[in-house]
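One letter stands for each residue in the lines below.
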Amino acid sequence: MNKTITLAITGASGFPYGLRTLECLLAAGCQIRLVYTQVAQIVAKQEMNLSWPSRAADLAEMLRAQYQLSDPEQLQVYGQQEWFAPMASGSNPGDGMVVVPCTMGSLSAIANGASDNLLERAADVMIKERKTLILVPRETPFSAIHLENMLKLARLGVVILPPNPGFYHHPTQVTDLVDFVVARILDQLGVPHQLMQRWGE
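The shown structure was predicted, so the numbers you read here are calculated from the model rather than taken from an experiment. (Residues numbered from 1 in each chain as written. Predicted model: local features only at pLDDT ≥ 70, side-chain atom pairs only at ≥ 80, totals over all residues. Heavy atoms only, no water.)

Q: So what exactly am I meant to see when it comes to the pairing of strand β3 (residues 75–78) here?
A: Each regular strand carries side chains that alternate between the two faces of the sheet. On β3, burial covers both faces: L75 and V77 on one face and Q76 and Y78 on the other are all buried. With four bridges connecting them, strand β2 (residues 31–36) and β3 associate as parallel partners. Note on β3: the bridge partner recorded for V35 is Y78. (Buried < 20%, exposed > 50% of the residue type's maximum accessible area, 1.4 Å probe, protein only. Helix = DSSP H or I, 4+ residues; strand = E, 2+ residues; numbered from the N terminus. Pairing = 2+ DSSP bridges.)

Right under this line is the structure:
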């Protein structure tokens, strides 16, 4: 794979979804542009006992070593105020973007074109350039405001993909449930995977 994917991880509960998506995209050979919020760092610690550094350069170095990337350029990490990041411009949007997990605050900002930080601007670029944008909203129940924002985005072609795992594949551990959702994300991005057996096979 030589797709370029922007992966954004926000502070919603569901950090394992974001981390597993990162792992699978790297394993598939995709070029990753990673953006993460400060609250995502807190959730990483709370949900997975992971300490992600605040500086993007430090996180990039840590993840490249962790995943033993032979090409350090395969993973680029950007802070929320790095306006010269490639995905901040329609001249270099990449092939797709996924926000996983996605807070309702980020979803609302994207729906209303706020573009106050790199995550929101990158999403805005994907919409205006008619590229694949996937939002994985981790909230329940949804309020009328949440649903209206999601409907607005869906009408613009944004994929709204709540992390609702199925059970027909007989999961036996939490990772099976995470992989079910990540498999759906990869399908939407057109990235091959072997995370689970497909229906009817």
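Q: Hey, could you run me through the pattern of salt bridges in this one?
A: Side chains that carry opposite charge are capable of pairing whenever their charged atoms lie near each other. Under the defined criterion, the tally for this structure stands at seven salt bridges. Residue D179 is joined to R20 by a salt bridge in which the shortest nitrogen-to-oxygen separation is 2.7 Å. Linking D179 in helix α7 (residues 174–189) with R20 in helix α1 (residues 15–27), this pair joins segments that are 159 residues apart in sequence. Residue classification places D179 among the buried positions, given a relative accessible area of 12%. Here R121 ties to D124 by a salt bridge, and the two come within 3.4 Å at their closest N and O atoms. Of this pair, R121 and D124 both sit in helix α5 (residues 118–128), separated by three residues, roughly a single helical turn. We classify R121 as partly exposed; its relative accessible area is 23%. The class of D124 is partly exposed, set by a relative accessible area of 24%. Linked by salt bridges that have partners in common, R20, E23 and D179 make up one network. (Salt bridge = Lys/Arg side-chain N within 4 Å of Asp/Glu carboxyl O.)

Q: What am I meant to see in the pairing of β2 here?
A: Burial analysis of β2 places five of its six residues in the buried class, the great majority of the element. Relative to β2, strand β1 (residues 4–9) runs parallel, the two being bridged by six bridges. For L7, the partnering residue across the bridge sits in β2 and is L34. For the handedness criterion, the β-α-β arrangement of β1, α1 and β2 is classed as right-handed. (Right-handed = clockwise from strand over helix to strand, strands pointing away.)

Q: Could you clarify how one ought to interpret the sheet that holds strand β5 (residues 132–137) in this entry?
A: In sheet architecture, strand pairing relies on hydrogen bonds along the backbone and comes in two forms, parallel and antiparallel. The strand order β3-β2-β1-β4-β5-β6 describes an open sheet built from six strands, whose pairing is parallel. Here the strands that pair on one side only, and so sit at the sheet edges, are β3 and β6 (159–160). Summarising the sheet, β5 and β6 pair through two bridges and their orientation is parallel. Its bridge partner being in β6, I134 is matched across the sheet by V159. Against the sheet, α1 engages β1, β2, β3 and β4 (96–102), with an angle of about 160° to β1. (Contact = heavy atoms within 4.5 Å. Axes fitted to C-alpha atoms, helices over the stretch in contact; angles between N-to-C directions.)

Q: For this particular structure, what's the right way to read the nonpolar core?
A: Grouped burial of nonpolar side chains is what soluble globular proteins tend to show. I32, L34, W52, L75 and I185 are the most contacted members of the largest nonpolar core, which has 42 residues in total. For this core, the element with the highest residue contribution is α7, accounting for eight residues. Among residues more than four places away in sequence, those in contact with L75 are L22, L26, I32, L34, L63, R64 and L69. Ranked by size, the runner-up nonpolar core spans 24 residues in total, among them C102, L119, A122 and M150. (Core = buried A, V, L, I, M, F, W, Y, C linked by side-chain atoms within 4.5 Å.)

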